[in-house]
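Working through the structure, step by step
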Amino acid sequence: MKKVFKVFIILLVVTGTLFFSSTASAASGEIMLKKTTLDQTKGVSITTKVYIKTEEKKNVEYYSIKKVTGTVKLLDGRTYIKGIKLRIGQNGSYSGKPIATQTKYEDIKAKNFFSFTSYPVSTWKPVAKTGPWSIVGSSATVSLQRGTSKWSFNHINNLP
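This structure is a prediction, so every number in the text was calculated from the model and none was measured.

Side note on the packing of aromatic side chains
For the coordinates displayed, the defined rule picks out 1 aromatic pair. The interplanar angle of 55 degrees and the centroid separation of 5.4 Å between the aromatic rings of Tyr62 and Tyr94 together place this pair among those described as tilted. With Tyr62 in strand S3 (residues 60-74) and Tyr94 in strand S5 (residues 93-94), this pair connects stretches of sequence that are 32 residues apart. What makes Tyr62 buried here is its relative accessible area of 5%. Classification of Tyr94 by relative accessible area gives partly exposed; the value is 22%. Sitting over the ring of Tyr51, Lys67 keeps its end group 5.1 Å from the ring centre.

Below, the structure is given as structure tokens:
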């Protein structure tokens, strides 16, 4: 009897999961892009997550950034983070017409080096998923120093 009950519970969970998944609209939802990059010395890593809202309007799928979060990890005790320059953006077309570049630049302050969140400008229009110039995401340049040596590395997390 216990085995039958366990099988019933498993089937109930699986069926409920399948039902829930099948009722979610493919045209409306959220995508999360996660990417980690190490600097060339492997002493520092940055991980960003780009949260993108998807929606359908007049049979066209659109993307818009909801937020970008990031964390930086020091993997050795000798490296110092001098600064992080973050850029978030979404470019492409809206209603069949190209839209002006939608880009936001930020200098991440020293107190926020180890975690940060950035939001898009509220007036940005969503961009169509298709198109030769459609791109949504973020890039960061991390400036580092160890002793007298200084260098930087780039981290890109985009949905083309």
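Here the narrative resumes.
Here we look at the confidence of the model for the protein
Across the protein, the average pLDDT comes to 81, with 80% of residues at 70 or higher. Scored below 50 in pLDDT, residues 1-26 makes 1 contact in the model with residues more than four places away or belonging to other chains.

Examining the nonpolar core
Formed by 25 residues in total, the largest nonpolar core has its most connected members in Ile46, Ile52, Val72, Ile84, Phe116, Val142 and Leu144. Of all the secondary structure elements, the ones that give two or more residues to this core are strand S2 (44-57), S3, strand S4 (80-91), strand S10 (135-146) and strand S11 (149-159). Not counting residues within four places of it along the chain, the set of residues in contact with Leu144 comprises Asp39, Val44, Thr79, Tyr80, Ile81, Lys82, Ser149, Lys150, Trp151 and Phe153.

As for the pattern of salt bridges
Here the structure, examined in full by the defined rule, presents 6 salt bridges. The closest approach of N and O atoms between Glu61 and Lys129, which form a salt bridge, is 3.8 Å. With a gap of 68 residues between them, Glu61 in strand S3 and Lys129 in the loop between strand S9 (127-128) and S10 connect regions that are remote in the sequence. By relative accessible area, Glu61 is classed as partly exposed at 23%. In this structure Lys129 comes out as partly exposed when scored by relative accessible area, which is 42%. Between Asp76 and Arg146 there is a salt bridge, with the nearest N and O atoms lying 2.8 Å from each other. Taken together, the positions of Asp76 in the loop between S3 and S4 and Arg146 in strand S10 put the pair 70 residues apart, joining distant regions of the chain. Just as Asp76 is buried, Arg146 falls in that class too.

Concerning the pairing of S3
Sheet faces and side chains relate simply in a regular strand, where the side chains alternate between the two faces. Inspection of the sheet shows S2 paired to S3 by 14 bridges, in the antiparallel sense. Considered in S3, the bridge of Ile46 is made with Val72. Where S2 folds back onto S3 in an antiparallel hairpin, the turn is made up of 2 residues, including Lys58, whose phi is positive at roughly 50 degrees. As defined by bridge partners, S3 adjoins S9 across 2 bridges and the pair is classed as antiparallel. Paired with Tyr63 across the strands is Val127, a residue of S9.

Here's the deal with the pairing of S10
Of all 12 residues making up S10, 9 are buried, and the element is well covered by its neighbours. Relative to S10, S4 is paired through 11 bridges, and the arrangement is antiparallel. Note on S10: the bridge partner recorded for Gly83 is Ser143. For S10 and S11, the ladder comprises 11 bridges, and the chain directions are antiparallel. Its bridge partner being in S11, Ser139 is matched across the sheet by Ile156. Between S10 and S11, which pair antiparallel in sequence order, lie 2 residues; one of them, Gly147, sits at a positive phi of approximately 65 degrees.

Conventions we followed
Residues numbered from 1 in each chain as written. Predicted model: local features only at pLDDT ≥ 70, side-chain atom pairs only at ≥ 80, totals over all residues. Heavy atoms only, no water. Phe/Tyr/Trp six-rings, centres within 6.5 Å; stacked < 30°, edge-to-face > 60°. Helix = DSSP H or I, 4+ residues; strand = E, 2+ residues; numbered from the N terminus. Buried < 20%, exposed > 50% of the residue type's maximum accessible area, 1.4 Å probe, protein only. Lys NZ or Arg CZ within 6 Å of the ring centre and 35° of its normal. pLDDT = per-residue confidence, 0-100. Contact = heavy atoms within 4.5 Å. Core = buried A, V, L, I, M, F, W, Y, C linked by side-chain atoms within 4.5 Å. Salt bridge = Lys/Arg side-chain N within 4 Å of Asp/Glu carboxyl O. Pairing = 2+ DSSP bridges.

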